[in-house]
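Read off the chains here:
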Amino acid sequence: MLKVYNTLSRSKEKFEPLEGNHVRMYVCGPTVYDYPHIGNARSFAVFDTIRRYLEYSGYRVTYITNFTDVDDKMIDRANREGISVPELAAKFISEYRTIANELNLKPATINPRATEHIDDMIEMTELIIKNGLGYEVGGDVYFDVSEYEDYGILSKISPDELSSGARVEVDSKKQDPRDFVLWKAEKPGEPSWESPWGKGRPGWHAECSAMGKHFLGVPFDIHGGGQDLIFPHHENEIAQSAGAYGVDTPVKYWLHNGFLTIDKDKMSKSEGNFFTAREVLDNFDHQAVRYFLISGHYRQPLDYNTDALKQATQTVDRIRNSVDTLRGRLVILERGQIESSESDIVVDTAIEKFREGFEREMDDDFNTPGALAELFTFIKVVNTHTENISRPAIIRKALATLTEIVGVLGIELEKESAGLEKSESTETLKGTIELLLEIREKARESKDWETADMIRDRLDELGITITDTKDGPTWKIK
Ligand code: AMP
Ligand code: ZN
């Protein structure tokens, strides 16, 4: 039974979708004004893993993740570069897609762009005003927090803390410092759209509420994002959906990933302590980057440093080595009968235990470190026993299980593998034996019997018999 930690209740809850087998999931996506940093990539990889595990568990998942393609940062950057906001968005959406592909993020069901849903945001804002929870001042529209008694339900910040903590900008038109903007009046040189309150653009929080409702309805099952989004972004989303659509919460399970840190500080653009996902992917094996991003529990902080990435690279290579050893053994077994062995039973039992252990850990709020521990226990058994496995079926089962399960974690062993494809590996083995036989023939021609015999004996030890015939040597695997 899958349990997930819900930020709303601050506890692990049994996971049950609202509609049968269908999971409707929304994850806050990138603001496409710059290259995402590797901390943003952690959020993307975490929710991709959660989605993959839900699919593995038999659910049908509708996965929506947006592009924030209009906001202050986008406008600033576009102005600095002398390009339009849509041009800037197009450039970084394309960068995001490249990075997503390299990190093995499964394509979302839909990647809506905020600017394609301005109508939905206007409609939601109109409903909020109609229901008495919003007001307009000089072309701006604000959410009236004093009219919504559950404000703070997600972040658990009390109204007093909110009032004392909120800074009021000097020129604010807000009635209360806690109020937040739903619609901003046009400023010169900024992109704008027609609305009942004059030309302007939506507030950031309005985006995800309106697009979530548009694609998934309310309430839907899972809303994800980094812990920095709990307040104010997701708190405000709840308020907006309550105000517009009359639901207590637009989402059943609120999931938030912990931060990627550098020397224990949150990685962020504004602090300048960041590495872009692009530079990390340029410097390390992509599968290792993905492995690193999911190696910690998603709710805990994860510290970024070069050593951690180097270690992840070695770990992924260890998985690949085991796969290559299994494949090598399969090639040998496919060439001849070998008596059944004790190792067949040991490995077969370990495969079942591995799957069970993986599911147990992932069912516990997607505990990837626990799942990886199960993986390495299995790899240890495989490494000890592969050379003695006798049945090809066991090897195939071990390979299929390994590939499937690391695939649920988003690690694709075939991509950039140091190892070889099965067919290539067969060809490589054949080629290597032929080469050794040629060297042996050369040794025999020059009467270097010692080298010739050494090659024959060493191949024999590896299970390859050489027979000298009048047409030259032949070989077979014992
Ligand atoms: P942004 O493009 O800033 O809207 O961020 C995209 C996603 O990355 C959001 O879900 C953020 O919460 C998340 N995020 C931002 N910084 C970090 C970090 N240092 N570690 C993990 N996730 C982060
Ligand atoms: Zn969002």
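Calculation rules
- Residues numbered from 1 in each chain as written.
- Chains lettered and ligands numbered in written order.
- Predicted model: local features only at pLDDT ≥ 70, side-chain atom pairs only at ≥ 80, totals over all residues.
- Heavy atoms only, no water.
- Domains from an automatic or database assignment.
- Contact = heavy atoms within 4.5 Å.
- Buried area = accessible area lost by both parts, 1.4 Å probe.
- Salt bridge = Lys/Arg side-chain N within 4 Å of Asp/Glu carboxyl O.
- Polar contact = N/O pair within 3.5 Å; in protein donor to acceptor, adjacent residues only side chain to side chain.
- Helix = DSSP H or I, 4+ residues; strand = E, 2+ residues; numbered from the N terminus.
- Nonpolar A, V, L, I, M, F, W, Y, C, P; charged D, E, K, R; others polar.
- Axes fitted to C-alpha atoms, helices over the stretch in contact; angles between N-to-C directions.
- Parallel < 35°, antiparallel > 145°, perpendicular 65-115°, else oblique.
- Near = heavy atom within 4 Å.
- Areas by Shrake-Rupley, 256 points an atom, 1.4 Å probe, with all protein chains shown as cover.
- Expected span 1.5 Å × (residues − 1).
- Buried < 20%, exposed > 50% of the residue type's maximum accessible area, 1.4 Å probe, protein only.
- 1 Å grid on protein atoms, 1.4 Å probe; cavity = no way out; pocket = protein on both sides within 12 Å on 5 of 7 lines; lining within 4 Å.
- Points joined across faces, edges and corners; volume = space filled by probe spheres on them.
- Pairing = 2+ DSSP bridges.
- Donors = N, O, S within 2.8 Å, 3.2 Å for Na, K, Ca; no water.
- Core = buried A, V, L, I, M, F, W, Y, C linked by side-chain atoms within 4.5 Å.

### What to know about the domain arrangement of the chain
Each assigned domain of the chain is listed with its residue range as follows: domain 1 (17-303) and domain 2 (309-477). If you look at the interface, domain 1 gives 25 residues, while domain 2 gives 28 residues. Carbon and sulfur atoms supply 61% of the area that domain 1 and domain 2 bury against each other, a total of about 2,500 Å² over both sides. Our count for the contact surface shared by domain 1 and domain 2 stands at three salt bridges. Across the salt bridge formed by D285 and R320, the nearest N and O atoms sit 2.7 Å from each other. For the pair domain 1 and domain 2, the number of links is 16 residue pairs in polar contact (both at pLDDT 80 or more). Mapped onto the side of domain 1 that touches domain 2, the elements with two or more residues apiece are α1 (38-56) and α9 (286-294). Class assignment of the residues belonging to the side of domain 1 that touches domain 2 gives a composition of 13 nonpolar, eight polar and four charged.

### Some points on the pattern of salt bridges
Note that side chains of opposite charge can pair when their charged atoms are close. Tallied over the full model, the rule gives 36 salt bridges. The network of salt bridges with common partners includes D34, R77, E81 and K269.

### Here's the deal with the packing of α1 against α9
The contact between α1 and α9 brings their axes to 9 Å, and the two run at 80°. Taken together, α1 and α9 sit at an angle that is classed as roughly perpendicular. On the side of α1, the interface is formed by I38, A41, R42, A45, V46, D48, T49 and R52, while α9 contributes V289, R290, L293 and I294. Class assignment of the residues belonging to the contact of α1 with α9 gives a composition of seven nonpolar, one polar and four charged.

### A short note on the site of ligand 1
Taken together, 17 residues sit near ligand 1, with G39, G226, D228, L260 and M267 positioned nearest. Side-chain polar atom of N40 to an oxygen atom of ligand 1: 3.1 Å apart, as the coordinates give it. At 3.0 Å from an oxygen atom of ligand 1 is found a main-chain nitrogen or oxygen belonging to G226. Here ligand 1 loses 91% of its free accessible area of 490 Å² to cover by the protein chains. Those elements giving two or more residues to the shell around ligand 1 turn out to be α1 and β9 (220-226). A class-by-class count of the residues in the shell around ligand 1 yields five nonpolar, ten polar and two charged.

### Topic: α1
Note on helix geometry: an α-helix contains 3.6 residues per turn, so any two residues three or four positions apart are oriented the same way. Taking 1.5 Å per residue as the helical rise, α1 with its 19 residues ought to reach 27 Å, and the 26 Å between its terminal C-alpha atoms agrees with that figure. Here α1 lies mainly inside the structure; 17 of its 19 residues are buried. Directly beyond the C-terminal end of α1, a positive phi value near 100° is found at G58.

### Regarding empty space enclosed by the protein
Empty pockets left among the atoms are what a rolling probe the size of a water molecule brings to light. One pass over the structure, following the stated rule, counts three cavities of 30 Å³ or more. Counted as a void, the largest cavity has a volume near 40 Å³. For the largest cavity, the full set of lining residues is V46, T49, I50, I294, G296, Y298, F366 and T368. Considering only residue class, the lining of the largest cavity consists of five nonpolar, three polar and no charged.

### A closer look at helix α4 (residues 118-130)
Between its first and last C-alpha atoms α4 spans 18 Å; for 13 residues at 1.5 Å apiece the expected length is 18 Å, and the two agree. All buried positions along α4 are accounted for by I118, D120, M121, I122, M124, T125 and I128. Just downstream of α4 lies G132, where phi reads positive at about 80°.

### Some details on the sheet that holds strand β6 (residues 140-143)
Pairing in this open sheet of four strands is antiparallel, and the strands run β5-β6-β7-β8 from one edge to the other. This sheet does not close on itself; its edge strands, each paired only once, are β5 (134-137) and β8 (200-202). Across the sheet, the mean angle separating the axes of adjacent strands is 20° when strand polarity is ignored. Sheet strands in contact with helix α7 (residues 230-245) are β6 and β7 (180-185), and its direction is about 80° off that of β7.

### Re the pairing of β7
Every other side chain in a regular strand lies on the same face of the sheet, so the side chains alternate between the two faces. As paired strands, β6 and β7 are joined by three bridges and run antiparallel to one another. Looking across to β7, one finds that F143 is bridged to F180. Pairing of β7 with β8 involves three bridges; the strand directions are antiparallel. Bridging from a neighbouring strand, W183 pairs with P202 of β8.

### Re the side chain of T68
Mapped onto the elements of the fold, T68 is located in the loop between β4 (60-65) and α2 (72-81). Residue classification places T68 among the buried residues on the basis of a relative accessible area of 1%. Contact partners of T68, with chain neighbours within four places excluded, come to P30, T31, V32, M74, W204 and E207.

### Concerning the sheet that holds strand β10 (residues 251-257)
Strands pair in a sheet through their backbones, by hydrogen bonds, and they do so in one of two ways: parallel or antiparallel. In spatial order, the strands read β4-β3-β9-β10; together these four strands make up an open sheet with parallel pairing. The open sheet has two edge strands with one neighbour each: β4 and β10. Taken pair by pair, the neighbouring strands of this sheet meet at an average axis angle of 20°, ignoring direction. Sheet topology places strand β3 (residues 22-27) next to β4; six bridges connect them, and they run parallel. Note on β4: the bridge partner recorded for M25 is Y63.

### Focus on the coordination of the zinc ion (ligand 2)
Summarising the metal site, the zinc ion (ligand 2) is bound by the protein donors C28 (SG), C208 (SG) and H233 (NE2), whose distances to it range over 2.1 to 2.2 Å. Going along the chain, you hit the donors of the zinc ion (ligand 2) in the pattern C-x179-C-x24-H. In this pair, C208 is assigned in helix α6 (residues 204-216) and H233 in helix α7, connecting sequence segments 25 residues apart. C208 sits in the buried class, given a relative accessible area of 2%.

### Things to note about the nonpolar core
Residues I38, L54 and Y304 are the most contacted members of the largest nonpolar core, which totals 91 residues. The dominant element in this core, judged by the number of residues it contributes, is α1, at ten residues. Beyond its immediate chain neighbours, meaning those up to four positions away, L54 contacts L2, F15, V23, M25, Y59, V61 and I222. Counting 36 residues, the second-largest nonpolar core is a separate cluster that includes Y26, I128, L133 and F180.

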